[in-house]
Amino acid sequence: VLSPQEVAFSWGEMTLFITQYTPANSPTYASRGMGYIGLTMYESIVQAYPPYQSLAGQLNGLDSLPLPEPGAAYDWVLALNAGQATILKRIYNQTSDANKLRIDSLAQVIRTQYSGKAIDPAVAARSESYGEAIAEAIFAWSQTDGGHRGYLHNFDKAIVHPTRPGAWKPPLYAQSFSHHPLHPHWGQNRTFVPVNAAIPPPEMIPYDTVPGSAYYQQFLAVYEKERALTQEEKEIALWWGDDPEVSFTPPGHSYYLATRAIKAKNPELIRCAETYARVGMAVADAFINCWKWKYHFFSERPNTYIPQFIDEEWESFWPDPPFPAFPSGHAIQAAAATTVLADLYGNEFAFTDSAHVGRARDELRDTDFRERTFTTFWDVAEETADSRFFGGIHTPQDNEAGLEKGRIVAANVNALSWRVE
């Protein structure tokens with residue numbers, strides 16, 4: 001029989017599977033999904049834990065959620081199970097029928113194990129109905145955030161590109177076929193945490209082409225690093241790439257970290273759910289802010305600047321993603337996730353990240369996928385940011401701004417009233 005903790009991380013792993021194997025997914029859409037999926041796990045069981053409290057009334061526009069019947073018995077694992085199956089199929093409505101059957105199959109395995117322990121079939125039915133009701137209420141709320149079914153309009157062909165010097169241009173060496181940038185309006189979406197909508201933008205070094213200027217030096221650093229990459233730095237660039245075409249996306253990597261923490265620490269069930277809720281919402285709000293600032297600055301990447309002003313033959317180790325550079329999405333979401341995890345479990349955390357072990361060698365770049373070992377959560381954030389510098393697609397300032405703002409986003413998630421004071 002699966003323990004309650006195993007039920008929680010089985011759903012965490014199912015979320016990553018569906019994220020990876022659903023077509024037309026993007027880091028932006030995946031981050032949003034994990035926010036709602038993690039929150040649903042928490043809200044489906046929070047009423048069973050008196051020291052904890054619902055986030056209804058604390059999040060943007062989520063005024064109330066269904067409550068359990070006073071005095072009635074519930075099996076809270078069954079509530080969580082039903083809630084996860086429901087929200088996953090709602091958020092990933094576009095996933096394949098085979099994937100929906102996979103979700104149903106996991107739900108059935110857990111249902112069979114736990115409903116047999118229930119004193120009364122009515123308890124099982126009541127528990128599942130409650131979990132489903134929580135998921136449906138959260139899904140209804142999600143439909144008004146600006147990102148609902150965002151996979152239907154990943155690229156806006158009508159967007160007018162700024163033509164000023166230093167503006168982003170569609171890459172020639174790219175991850176995507178599109179010459180239109182991904183989700184240009186994502187930054188207008190509703191944040192989970194109200195104060196996360198009011199974080200001021202980072203400061204960017206002013207555009208300059210003069211050798212030795214601060215702006216020029218940013219790109220010169222990228223150029224010089226690419227020419228001197230060690231094999232380990234190439235492995236780091238590959239490991240954290242998390243291309244949505246072939247992986248569970250960068251926010252998926254953060255959800256994976258949450259799963260690793262839960263497996264290592266084995267906290268009580270409500271703490272497992274809180275972990276997924278905090279990480280999911282922090283990463284979702286990090287992406288909203290990051291995309292707001294990306295399209296505010298609409299800044300170029302090294303593949304545009306370096307060939308024009310430093311070396312016309314140059315191209316990055318890793319291909320450009322289809323959106324502006326500043327600040328780094330990898331950096332901001334990794335900082336948000338690890339700041340949450342450090343608050344929950346302490347920053348000291350020795351573990352091995354084996355997410356991509358078994359993936360075929362990248363013959364084009366002559367590099368293998370090698371597992372990464374860490375001793376603190378923050379080390380993960382810094383390496384994730386560094387990976388984009390090693391890949392040649394972000395300058396140091398892109399990463400520094402991302403790490404700084406990700407910490408702020410996460411601090412606001414951590415500061416919610418998770419417990420009754």
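Per chain, the residues get numbers from 1 upward, laid out in the order the sequence is written. Per-residue local features of the predicted model are confined to residues with pLDDT of at least 70, and side-chain atom pairs are confined, for both listing and counting, to 80 or more; whole-chain, interface and lining totals are unaffected and use all residues. Excluding hydrogens and water, the side-chain figures rest on all heavy atoms present in the structure.

A. Molecular detail of the overall build of the protein. From N to C terminus, the protein includes 13 helices and two strands. Relative to a compact globule of 421 residues, whose C-alpha radius of gyration would be 22 Å, the protein shows 22 Å and is just as compact. Dimensions of the protein, computed from the C-alpha atoms along their principal axes, are close to 75 × 40 × 40 Å. Only protein chains enter the area calculation, which uses a 1.4 Å probe; residues under 20% of their type maximum are buried, those over 50% are exposed, and those in between are partly exposed. Here the protein, with 421 residues, has 59% of them falling under the buried criterion. Two residues form a contact once any of their heavy atoms are found within 4.5 Å. Counted over contacts in the protein with a minimum sequence separation of 6, partners at least 24 positions apart contribute 85%. The Shrake-Rupley method, run with a 1.4 Å probe, gives the accessible areas here. Residue values count only the displayed protein chains as cover. With an accessible surface of roughly 16,300 Å², the protein has 52% of that area assigned to carbon and sulfur atoms. Think of it this way: Lys and Arg go in the positive column, Asp and Glu in the negative one, and His and the chain ends go nowhere. Here the site of a charge means NZ on Lys, CZ on Arg, CG on Asp, or CD on Glu. Taking the average place of the 33 positive charges on the side chains of the protein and the average place of its 49 negative ones, the gap between the two points comes to 4 Å. Put simply, DSSP marks the helices as runs of H or I at least four residues long and the strands as runs of E at least two long, and each gets a number from the N terminus on. The globule rule is 2.2 Å times the number of residues to the power 0.38, and the radius of gyration it is compared with is taken over C-alpha atoms.

B. Here's a closer look at the pattern of salt bridges. Put simply, a salt bridge is a Lys or Arg side-chain nitrogen that is within 4 Å of an Asp or Glu carboxyl oxygen. By the definition in use, this model includes 19 salt bridges. Here Arg32 makes a salt bridge to Asp145, at a shortest N to O gap of 2.8 Å. Of the two residues, Arg32 is situated in helix α2 (residues 27-43) and Asp145 in the loop between α5 (121-142) and α6 (214-226); the sequence distance between them amounts to 113 residues. The pair Arg32 / Asp145 is uniform in exposure class, with both members buried. The closest approach of N and O atoms between Arg370 and Glu235, which form a salt bridge, is 2.9 Å. One end of the pair, Arg370, is in the loop between β1 (348-353) and β2 (372-376); the other, Glu235, is in helix α7 (residues 231-239), with 135 residues separating them in the sequence. Residues joined in a network through salt bridges with shared partners are Glu235, Arg361, Glu363, Asp366, Asp368 and Arg370.

C. How the structure looks around helix α1 (residues 4-20). The span you would expect from a helix comes to 1.5 Å times its residue count less one. For α1, spanning 17 residues, the distance from its first C-alpha to its last is 25 Å, which sits close to the expected 24 Å at 1.5 Å a residue. When you tally the buried positions in α1, you get twelve out of 17 residues, the bulk of the element. Within the span of α1, buried status applies to Gln5, Val7, Ala8, Phe9, Ser10, Trp11, Gly12, Met14, Thr15, Leu16, Ile18 and Thr19. Next to the buried residues of α1 lie α2, α3 (76-91), α4 (97-115), α8 (249-265) and α9 (269-297).

D. Molecular detail of the packing of aromatic side chains. Aromatic contacts are taken between Phe, Tyr and Trp rings whose centres are within 6.5 Å, Trp giving its six-membered ring; a plane angle under 30 degrees counts as stacked, one over 60 as edge-to-face, and the others as tilted. According to the stated counting rule, one finds 29 aromatic pairs in the structure shown. Taking 4.3 Å as the distance between ring centres and 25 degrees as the angle between the ring planes, the aromatic pair formed by Phe219 and Tyr305 counts as stacked. Of this pair, Phe219 sits in helix α6 while Tyr305 sits in helix α10 (residues 302-309); the two residues are 86 residues apart in sequence, bridging distant segments of the chain. There is no split in this pair, since Phe219 and Tyr305 are both buried. Two conditions define a charge sitting above a ring: the NZ of Lys or the CZ of Arg must be within 6 Å of the ring centre, and it must be within 35 degrees of the ring normal. In this structure, Arg407 packs its charged tip against the face of Trp378, placed 3.9 Å from the ring centre.

E. The arrangement of the pairing of β1 in detail. Residues Phe349, Phe351 and Asp353 of β1 are buried on one face, while the alternating residues Glu348, Ala350 and Thr352, pointing to the opposite face, are not. A pair of strands is considered paired only if DSSP assigns at least 2 bridges between the two. Across four bridges, the pairing between β1 and β2 is antiparallel. Bridged to Glu348 within β2 is Thr376.

F. Representation of the packing of α8 against α9. It is the contact of α8 with α9, at a shortest axis distance of 10 Å, that shows an interaxial angle of 160 degrees. With respect to α9, the element α8 is oriented roughly antiparallel. Considering how the two elements wind past one another, α8 and α9 form a crossing that is right-handed. Side by side, α8 and α9 meet where Pro251, Ser254, Tyr255, Ala258, Thr259 and Ile262 of the first sit next to Cys272, Thr275, Tyr276, Val279, Gly280, Val283 and Phe287 of the second. For the contact of α8 with α9, the class distribution of residues is nine nonpolar, four polar and no charged. What counts as an axis is a line fitted to C-alpha atoms, over the stretch in contact for a helix, and the angles between N-to-C directions run from 0 to 180 degrees. Here the word oblique covers every angle except those under 35 degrees (roughly parallel), over 145 (roughly antiparallel) and from 65 to 115 (roughly perpendicular). Put simply, a crossing is left-handed when the front helix is turned counterclockwise from the back one by less than a right angle, and right-handed when it is turned clockwise. Residues are sorted three ways: Asp, Glu, Lys and Arg are charged, Ala, Val, Leu, Ile, Met, Phe, Trp, Tyr, Cys and Pro are nonpolar, and all the rest, Gly among them, are polar.

G. Structural detail: the environment of Met204. Structurally, Met204 is set in the loop between α5 and α6. By relative accessible area, Met204 is classed as partly exposed at 23%. The spatial distance from the C-alpha of Met204 to the C-alpha of Ala401 is 8.5 Å, given a sequence separation of 197 residues. Apart from the residues within four sequence positions on either side, Met204 is in contact with Tyr215, Phe297, Ser299, Phe326 and Gln397.

H. Structural view of the nonpolar core. The biggest cluster of nonpolar side chains holds 123 residues, and the ones touching the most others in it are Trp11, Leu39, Tyr42 and Leu59. Examining the composition of this core, we find that 19 residues originate from one element, α9, more than from any other. If sequence neighbours within four positions are ignored, Trp11 has contacts with Met41, Leu80, Asn81, Gln84, Ala85, Leu88, Ile103, Leu106, Ala107 and Ile110. Here, the term nonpolar core denotes a set of buried Ala, Val, Leu, Ile, Met, Phe, Trp, Tyr and Cys residues that are joined through side-chain atoms within 4.5 Å. Membership of the second largest hydrophobic core comes to seven residues, among which are Ala331, Ala334, Ala381 and Ala385.

I. Looking closely at the side chain of Gln5. By the element assignment, Gln5 lies in helix α1. N or O atoms within 3.5 Å of each other form a polar contact, as long as, within protein, one can give a hydrogen and the other can take it, and as long as residues adjacent in sequence are counted only when both atoms are side-chain atoms. In terms of polar contacts, Gln5 uses its side chain to reach the backbone carbonyl oxygen of Pro267, at 3.0 Å. Residues contacting Gln5, with those up to four places away along its chain left out, are Asn266, Pro267, Glu268, Leu269 and Cys272.

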